[in-house]
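# Results of the structural survey
Spelled out, the chains give:
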Amino acid sequence: MLFTDIVGSTARLSEMGDEAWTGLLRRHHAILGAEIEHFGGREVKSTGDGILAVFGAPAQAVRCAVAIRDALQTLGLEIRAGIHTGEIEEDANDVGGVAVHVAARVLDLADPGEILVSRTVKDVIGGANIRLVRRRAHRLEGIEGEWRLYAVASEPVEERPRDLPGPVDRLTAWLSTRRGRAIGIAALVVLVLIAAFAVRGLVRPGGATASGYDAVAVLPFDNLSPDRDDEYFSDGMTEDIITRLSKLGAFDVISRTSVMRYKDTDSPLREIARELGVDAIVEGSVRRAGDRVRVTAKLVDGRTDTQLWAETYDRDLADVFAVQSDIAGRVAGSLQATLEPGDRERLTRSPTDDLRAYDFYLKARQDYGEYTAAANERAITLFRRAIELDPGFAEAWAGLADAYAQEALLFAPEAAPALTDSAMSAAERAIRIDPEIAEGHKARGLVLFMRGRVEDALEATRKAAELNQSYQPAVHNVGTILLFMGRLDEGVRWLERSRELDPLNVNTPITLAGAFRRLEDDVRVDAYLSRAEAMHPGHSAVAAGRIVAELVRGETDRAMEIAEEVDMATASIGLRFIVGETRLMAGDLEGARRALEPLETVSQREAAGTPVSGPATLALVLQRSGEAARAAELLDRLESDLESRLAAGDQTSLSRYRMSRVLALQGEDDRAVEWFRRAVEAGFRDARWARRDPALESLRGQPEFEGTLTELDALVDAMRRRVDEARES
């Protein structure tokens, strides 16, 4: 059964008027009728601006839904759809029964532009070459138990014989029939369009695992080598098995960040499985001695603690990639995963033929993951040594790109232009060697994002997530980029998907707290910040998040209490700006000066990680302290810096918002209001901050500024409703 309806139909009717809308509906219904007939379905009834149709096979219903989605794009229409399969009760004019009710509820849960199917459909179409993306379990109204739902990926799923007429020919022929003309009053089918945003853009093969295992965790392999310094090798073995399994896309694979929390733990496997939200766990050990390696591995059902498979490998070190491939293949086989064409090649591919290069690469990756300046410098050196030994080692090039980007972002922002150039060069080299290397596309997306080219960054990072749907860094970065673009509801979807893949990563709840601050949902802001604090007590980003959350609520005294606890000697640039802003808003001009004056030479690029504040705040402090000339000099430098970034292609709302602040402090209110409007158009969504930002004080009350804020309120309200509706469902 397929249900569909049109997204935003009421608003479109209001915009177009009855006559134009009726004409558009007629064309819409004609397309639906043509596609349903082509795929062997039967329209049962109209449901307003949608229809209910039945098919002989679930795969045909899915293919029909995709065809309808694509065809309706030419009319500027977006639909959502829901599909379920089961027995129906049929009379002359209608169908009914529990299965029809389930299909209708599935439609209700579909996001705009999404084709959603039930777990029953997913299990039946396992071999139909249809790609699905797992969504969280839901309770369906009037139906017992929880139901796992899946979104259909946005790629074409049907291979049509070349001699079949195209959609326009079929539509024209069908319209000439009596049935075609009559269908003008018909409507949509339960069909769920793949979300044009969010996690629904990821790719998952249909069928997942026939045995019902949707998520797997690979725990850190124990290092049993005589040399305890060989820990990097056992950790590298763990990460490479994670990577090989995640490239299959048959099930979710939990990210390294979360599983490494269980290194050397004796927690029961059932407890670990529950904490990570997985169905199965891989664990094992590695013993490396000279040119030999001994690897043990076993697969355990995380729900019952039952062993599903186990093996011991005694091999030459040169066979390490074959061992990794065999483990990943045996795990997939034991879980009855449906493998797609090319999966075997992905399993057996060796990243390099040079074991010394591989050894340097593993050590580099270990250092990179420490996230310290010294370790990152070591990582850059080791990645380079690996590349010197094997210039065709794509993973090493991607790792080098990440390390250069991390250096620019965290440790040497003053050298960012040169470092990001090096990072881009390395990422593009990785992609040239292996066009399907997700790590390379992710690194390229990060560099583009750092340069402010958010549209290009989103495209590159989404490509990484499509190539490896369990690659959490790419999934998280897509969510973050969407937030910067102002697409908060879509960003939340991706970030929640990131949390599924890496449930113990502190950065995700921190980022989600920022999203919900912009959505003005303070309950969730506090919940996510509390979760992050529990994961990582004393994290500076949590302190920054709490301070800003209190400021936008007008709780300046509470924000000051938190700011007083910040160790300014170790605080990040962003946190120091926020502390200075807090002191200024609390009336502590001298305290604000002490916090901000050491940051006077910080560029806009170096302050890019600051959530809302920025260098112009010091200029305001100087103005209020009677140092007008010094303030003017600083504002001129900041304006020139921003103009350079914008001229170089910076697309971010943050640069436009900061330009508005600079111009307002220079007394150019009209230009400041215009740049604020441009910031909103580019994705600025922090309405409450804009209303309290002391740098924008001169703009308040101006009709155009207040009108833009009103428009911003409406945008945020609409996105918050969409997020709420999705969560309530």
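Residues numbered from 1 in each chain as written. Predicted model: local features only at pLDDT ≥ 70, side-chain atom pairs only at ≥ 80, totals over all residues. Heavy atoms only, no water.

Now for unusual backbone geometry. Although it is not a glycine, D305 sits at a positive phi angle of roughly 65°. Assignment of secondary structure puts D305 in the loop between β14 (292-301) and β15 (306-316). In the Ramachandran plot, Y371 falls in the positive-phi region, its phi being about 55° despite a non-glycine side chain. Here Y371 is to be found in the loop between α13 (355-368) and α14 (373-389). (Helix = DSSP H or I, 4+ residues; strand = E, 2+ residues; numbered from the N terminus.)

Here we come to the confidence of the model for the chain. For the chain, the mean per-residue pLDDT works out to 85, and 88% of the residues sit at or above 70. A low-confidence stretch, residues 155-208 (pLDDT under 50), is modelled with 217 contacts involving residues beyond four sequence positions or located in other chains. (pLDDT = per-residue confidence, 0-100. Contact = heavy atoms within 4.5 Å.)

What follows is about the packing of helix α19 (residues 472-484) against helix α21 (residues 507-518). The geometry of α19 relative to α21 is characterised by a closest axis approach of 11 Å and an angle of 15° between their N-to-C directions. For the element pair α19 / α21, the angle class is roughly parallel. For the pair α19 and α21, the sense of crossing is left-handed. Seen from α19, the contacting residues are Q472, H476, T480 and L483; seen from α21, they are N507, T508, T511 and A515. Looking at the contact of α19 with α21 residue by residue, the classes come out as two nonpolar, six polar and no charged. (Axes fitted to C-alpha atoms, helices over the stretch in contact; angles between N-to-C directions. Parallel < 35°, antiparallel > 145°, perpendicular 65-115°, else oblique. Left-handed = near helix turned anticlockwise from the far one by under 90°. Nonpolar A, V, L, I, M, F, W, Y, C, P; charged D, E, K, R; others polar.)

Within this structure, the stated rule accounts for eleven aromatic pairs. Taking 4.8 Å as the distance between ring centres and 50° as the angle between the ring planes, the aromatic pair formed by F676 and F705 counts as tilted. Of this pair, F676 sits in helix α30 (residues 669-682) while F705 sits in helix α32 (residues 703-728), placing them 29 residues apart in sequence. Accessibility expressed as a relative area gives 0% for F676, which makes it buried. Among the aromatic residues, ring-to-ring pairing joins F321, Y358, Y361, F383 and F393 into one connected group. Residue placement shows R288 over the ring face of F233; its charged tip is 4.6 Å from the ring centre. (Phe/Tyr/Trp six-rings, centres within 6.5 Å; stacked < 30°, edge-to-face > 60°. Buried < 20%, exposed > 50% of the residue type's maximum accessible area, 1.4 Å probe, protein only. Lys NZ or Arg CZ within 6 Å of the ring centre and 35° of its normal.)

Turning to the environment of F3, a few remarks are in order. One can find F3 in strand β1 (residues 2-6). It is 9.6 Å that separates the C-alpha atoms of F3 and D108, two residues lying 105 residues apart in sequence.

Another aspect to go through is the side chain of H441. Looking at where H441 falls in the secondary structure, it is placed in helix α17 (residues 438-450). What makes H441 buried here is its relative accessible area of 10%. Ignoring any residue separated from it by four or fewer positions in sequence, one finds H441 in contact with I431, P435, A460, T461, K463, A464 and L467.

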